[in-house]
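Architecture at a glance
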Amino acid sequence: MSMIDLRSDTVTKPTPEMLDFMLSAKVGDDVYGEDPTVNMLERKMSEMTGKEAAIFAPTGTQTNLIALMSHCDRGDEYIVGQQGHTYKYEGGGAAVFGSIQPQPIDYKLDGTLDLDEVRKVIKPNDNHFARSKLMCLENTHAGKVLPLKYLREAKEFCSQNNLLLHLDGARVFNASVALDVPVRLIAENFHSLSICLSKGLGSPVGSVLCGSKTMIAKARRWRKVLGGGMRQSGYIAACGLYALENNIDRLNDDHRNANLLAKGLSTVSGVKIRENKSQTNMVFLKMDAHQLSTVTKYMEKKGIKVGGYGDMRLVTHLGVSEKDIKRVVSTFQELFHQ
Ligand SMILES: *Cc1c(COP(=O)(O)O)cnc(C)c1O
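Residues numbered from 1 in each chain as written. Predicted model: local features only at pLDDT ≥ 70, side-chain atom pairs only at ≥ 80, totals over all residues. Heavy atoms only, no water.

Here the focus is the sheet that holds strand 3 (residues 76–81). Taken in spatial order, the seven strands of this open sheet run 2-8-7-6-5-3-4, and their pairing is mixed. This sheet does not close on itself; its edge strands, each paired only once, are strand 2 (53–57) and strand 4 (101–105). Averaged over all neighbouring strand pairs, the angle between strand axes comes to 20 degrees, with direction disregarded. Across five bridges, strand 3 lies against strand 4 in parallel orientation. Bridge pairing in strand 4 places isoleucine 79 opposite glutamine 103. (Pairing = 2+ DSSP bridges. Helix = DSSP H or I, 4+ residues; strand = E, 2+ residues; numbered from the N terminus. Axes fitted to C-alpha atoms, helices over the stretch in contact; angles between N-to-C directions.)

Within this structure, the stated rule accounts for three cavities of 30 Å³ or more. If you add up the space inside the largest cavity, you get close to 130 Å³. Forming the walls of the largest cavity are Ala142, Gly143, Lys144, Arg274, Glu275, Lys277, Ser278, Gln279, Met282, Val283 and Phe284. Residue assignment places the lining of the largest cavity across two domains, with domain 1 (14–246) and domain 2 (250–336) each supplying three or more. Here the second largest cavity is characterised by a volume of approximately 50 Å³. Going through the elements one at a time, helix 8 (172–179) and strand 7 (192–196) are the ones with two or more residues in the lining of the second largest cavity. (1 Å grid on protein atoms, 1.4 Å probe; cavity = no way out; pocket = protein on both sides within 12 Å on 5 of 7 lines; lining within 4 Å. Points joined across faces, edges and corners; volume = space filled by probe spheres on them. Domains from an automatic or database assignment.)

Below, the discussion takes up the site of the ligand. Around the ligand, the structure places Thr59, Gly60, Thr61, Asn64, His85, Glu90, Glu138, Asp168, Ala170, Arg171, Cys196 and Lys199. One of the side-chain nitrogen or oxygen atoms of histidine 85 is found 3.4 Å away from a nitrogen atom of the ligand. Within the complex, 83% of the 390 Å² of free accessible area of the ligand lies under protein. Given that more than half its atoms are within 2 Å of the pocket grid, the ligand belongs to the largest pocket. (Near = heavy atom within 4 Å. Polar contact = N/O pair within 3.5 Å; in protein donor to acceptor, adjacent residues only side chain to side chain. Areas by Shrake-Rupley, 256 points an atom, 1.4 Å probe, with all protein chains shown as cover. Sits in = over half its atoms within 2 Å of the grid points.)

Direction vectors running N to C along helix 12 (residues 251–266) and helix 14 (residues 322–337) enclose 20 degrees, while the axes themselves pass 10 Å from each other. Between helix 12 and helix 14, the angle is such that the two are roughly parallel. For the pair helix 12 and helix 14, the sense of crossing is right-handed. Between helix 12, through Asn257, Leu260, Leu261, Gly264 and Leu265, and helix 14, the contact on the second element is made entirely by Glu322, Ile325, Val328, Val329 and Phe332. A class-by-class count of the residues in the contact of helix 12 with helix 14 yields seven nonpolar, two polar and one charged. (Parallel < 35°, antiparallel > 145°, perpendicular 65-115°, else oblique. Left-handed = near helix turned anticlockwise from the far one by under 90°. Contact = heavy atoms within 4.5 Å. Nonpolar A, V, L, I, M, F, W, Y, C, P; charged D, E, K, R; others polar.)

With that settled, consider helix 11 (residues 234–246). Relative to the 18 Å expected for 13 residues at 1.5 Å per residue, helix 11 spans 18 Å between its end C-alpha atoms, a close match to the ideal helical length. Taken together, the buried positions of helix 11 are occupied by Gly234, Ala237, Ala238, Cys239, Gly240, Leu241, Tyr242, Ala243 and Leu244. As for helix 11, its buried residues are in contact with helix 1 (16–23), helix 2 (36–49), strand 2 and helix 8. (Expected span 1.5 Å × (residues − 1). Buried < 20%, exposed > 50% of the residue type's maximum accessible area, 1.4 Å probe, protein only.)

This brings us to the packing of helix 8 against helix 12. Relative to each other, helix 8 and helix 12 sit at 80 degrees, their axes nearing to 9 Å. Overall, the two elements helix 8 and helix 12 adopt an arrangement that is roughly perpendicular. Between helix 8 and helix 12, the residues in contact are Phe173, Asn174, Val177 and Ala178 and Leu251, Asn252 and His255, respectively. Considering only residue class, the contact of helix 8 with helix 12 consists of four nonpolar, three polar and no charged.

Within the secondary structure layout, threonine 12 lies in the loop between strand 1 (4–5) and helix 1. Look at threonine 12 and you get buried, because its relative accessible area is 8%. Residue contacts for threonine 12: discarding those within four places in its chain leaves Lys199, Gly202, Ser203, His317, Leu318 and Gly319.

So, on to the domain arrangement of the protein. Taken domain by domain, the protein consists of domain 1 (14–246) and domain 2 (250–336). Taken over C-alpha atoms, the centre of domain 1 sits 28 Å from the centre of domain 2. At the junction of the two partners, domain 1 supplies 15 residues and domain 2 supplies 14 residues. Counting each side, the surface lost to burial between domain 1 and domain 2 is near 1200 Å², with a carbon and sulfur contribution of 59%. Between lysine 144 and glutamate 275 there is a salt bridge, with its nearest N and O atoms 3.6 Å apart. It is helix 8 that provides the largest number of residues to the side of domain 1 that touches domain 2, a total of four residues. Counted by class, the side of domain 1 that touches domain 2 contains seven nonpolar, six polar and two charged residues. (Buried area = accessible area lost by both parts, 1.4 Å probe. Salt bridge = Lys/Arg side-chain N within 4 Å of Asp/Glu carboxyl O.)

Inspection of every chain in the model, using the stated rule, returns three aromatic pairs. Plain terms: the ring middles of phenylalanine 332 and phenylalanine 336 are 6.1 Å apart, the flat faces sit at 20 degrees to each other, and that makes the pair stacked. One end of the pair is phenylalanine 332 and the other is phenylalanine 336, both in helix 14 and four residues apart, which spans about a single turn. There is no split in this pair, since phenylalanine 332 and phenylalanine 336 are both buried. Residue placement shows arginine 274 over the ring face of phenylalanine 284; its charged tip is 4.2 Å from the ring centre. (Phe/Tyr/Trp six-rings, centres within 6.5 Å; stacked < 30°, edge-to-face > 60°. Lys NZ or Arg CZ within 6 Å of the ring centre and 35° of its normal.)

Right, dumping it as structure tokens:
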């Protein structure tokens, strides 16, 4: 019985084709700017997002951090969602390394930040306060796609209020595929965006930050300071290039599977599904801590890995087939009907 791992789309392993592509990569020392494969990946990403420049880094945590540190100085603050990855799941890096104060506010149910609420927390220019410098959005957030109309409003709002706008676009390709628009149309609303290659795109490692030439030059310095200046990193940039060529359109399969899963689980009595329809590749089930632990243990015994913080989160990816989804639904049925 094969293991089905729904904990995250980070668990994907490189396919033999991807590994072949990596082996044939041309490499050089990227700290000297001499790795042709890294340069190619950065160029491709900046073209796709319509930004002047891009920089490759080991993780999305690092691309977000170097973005915040490039936009903000010591004593600046950034406005972010209470459940935002940069705020909640990155060890407080902006404050720890950047001396940047986060100003979190609650997300709305659709994953957006209410711009009227944002306006209320923007600080006046006064020595008592941190300087409100930047707003950070996340797309997708908890599997939700931010509407393009909202992104345009957020851009306009930030320009009126003298804020920079950064996107944590770890899964921005899921959003672009779900909206059926080029990623550029999402990116054009932001000063910078960070994109993970190691989630649904299926690379084993790597993230890219895109922005203006000046901003990326600063980010390059911070990446080195933080220990992210890698050498012959073309080998791992190669899998990113491979993923961009081969694994974007197939995100539709993950979205279809997540919907099958949501539909299937919504028929299991006792399972409380947060929403019957998944916008991208995630399904959430309402559970208390005890139930989360019981269900997780049962599923593990049946060869299905699940997890989550608070609610249970089930994530589809290229290692999960339609057949797997059927097995997951029937295992939930087995457990909840016994
Ligand atoms: C995964 C993720 C990141 C970055 O995570 P790393 O594991 O450091 O690559 C950033 N933001 C969001 C929303 C994520 O899901």
